[in-house]
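# An overview of the molecular structure
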Amino acid sequence: MKKILTSMALVAVLASMTPAFAGGTEGTPGKISGRSVGAAAVSLIVWPGLGQLINDQPVDKNVTHAVLGLTGIFRFWSCYDALVDRQGGVWHSRI
C-alpha cells in the first residue's frame, strides 16, 4: 500500500512539472495554492470531478471530469488541471 501511494505521489509531482499533454489546451492557469494542491490530491486519489468542484469550476466541467474519471488515465490530467487551477480549456471549457 505504501508503494502504491508513493508511486501515485511521484506521478502527480512529475505530471505537474510537465507541460499539458493535450496540445493547445486553450485554458488559462491560475495560481497554485494550498486549495489547488488539496484539490489535485482529491482529484487523483478520490475522484476527478471532486477536485474541480473544490476549485469552484463550472458544473459542466465538474461533471465532465467526473464522467471521464471512469478512464484511469484521465485522473492524471484532472490532477494537473486541479493543481494549476486552470480556467477554461477545450471542448467548451470542460476539459
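Here we summarise the structure given alongside this text. Computed from a prediction, not measured in an experiment: that's the story for all the values here.

## Notes on helix 4 (residues 59–68)
Listed as buried for helix 4 are Lys61, Asn62, Thr64 and His65. Down the axis of helix 4, the buried set is contained in an arc of 170°. They therefore lie on one face. Here the buried face of helix 4 lies against helix 3 (48–54), helix 5 (74–83), strand 2 (87–88) and helix 6 (90–93).

## Description of the side chain of Thr64
Following the sequence through the fold, Thr64 ends up in helix 4. Engagement of the side chain of Thr64 in a polar contact is seen with the backbone oxygen of Asp60, the distance being 2.7 Å. Other than its neighbours up to four places away in sequence, Thr64 contacts Trp91, Arg94 and Ile95.

## Some points on the packing of helix 2 (residues 34–45) against helix 5
In the contact formed by helix 2 and helix 5, the axes pass within 7 Å of each other and the chain directions differ by 170°. One element, helix 2, and the other, helix 5, form an angle in the roughly antiparallel class. Where helix 2 approaches helix 5, its residues Ser36, Val37, Ala39, Ala40, Ser43, Leu44 and Ile45 are matched on the opposing element by Arg75, Phe76, Ser78, Cys79, Ala82 and Leu83. Split by residue class, the contact of helix 2 with helix 5 holds 9 nonpolar, 3 polar and 1 charged.

## Here we look at the pattern of salt bridges
Once their charged atoms are close, side chains differing in charge can pair, the charge on each being opposite to the other. Scanning the entire structure with this criterion turns up 4 salt bridges. When the shortest N-O distance is used, the salt bridge between Asp56 and Arg35 registers 3.3 Å. With Asp56 in the loop between helix 3 and helix 4 and Arg35 in helix 2, this residue pair connects regions lying 21 residues apart in the sequence. For Arg35, a relative accessible area of 42% translates into the label partly exposed. Put simply, Asp81 and Arg86 hold a salt bridge, and the shortest N to O gap is 2.7 Å. With a relative accessible area of 3%, Arg86 lands in the buried category. Counted as one network, the salt bridges with shared partners bring together Arg35, Asp56 and Asp85.

Parameters and conventions
- Residues numbered from 1 in each chain as written.
- Predicted model: local features only at pLDDT ≥ 70, side-chain atom pairs only at ≥ 80, totals over all residues.
- Heavy atoms only, no water.
- Buried < 20%, exposed > 50% of the residue type's maximum accessible area, 1.4 Å probe, protein only.
- Helix = DSSP H or I, 4+ residues; strand = E, 2+ residues; numbered from the N terminus.
- Arc of directions from axis to C-beta.
- Contact = heavy atoms within 4.5 Å.
- Polar contact = N/O pair within 3.5 Å; in protein donor to acceptor, adjacent residues only side chain to side chain.
- Axes fitted to C-alpha atoms, helices over the stretch in contact; angles between N-to-C directions.
- Parallel < 35°, antiparallel > 145°, perpendicular 65-115°, else oblique.
- Nonpolar A, V, L, I, M, F, W, Y, C, P; charged D, E, K, R; others polar.
- Salt bridge = Lys/Arg side-chain N within 4 Å of Asp/Glu carboxyl O.

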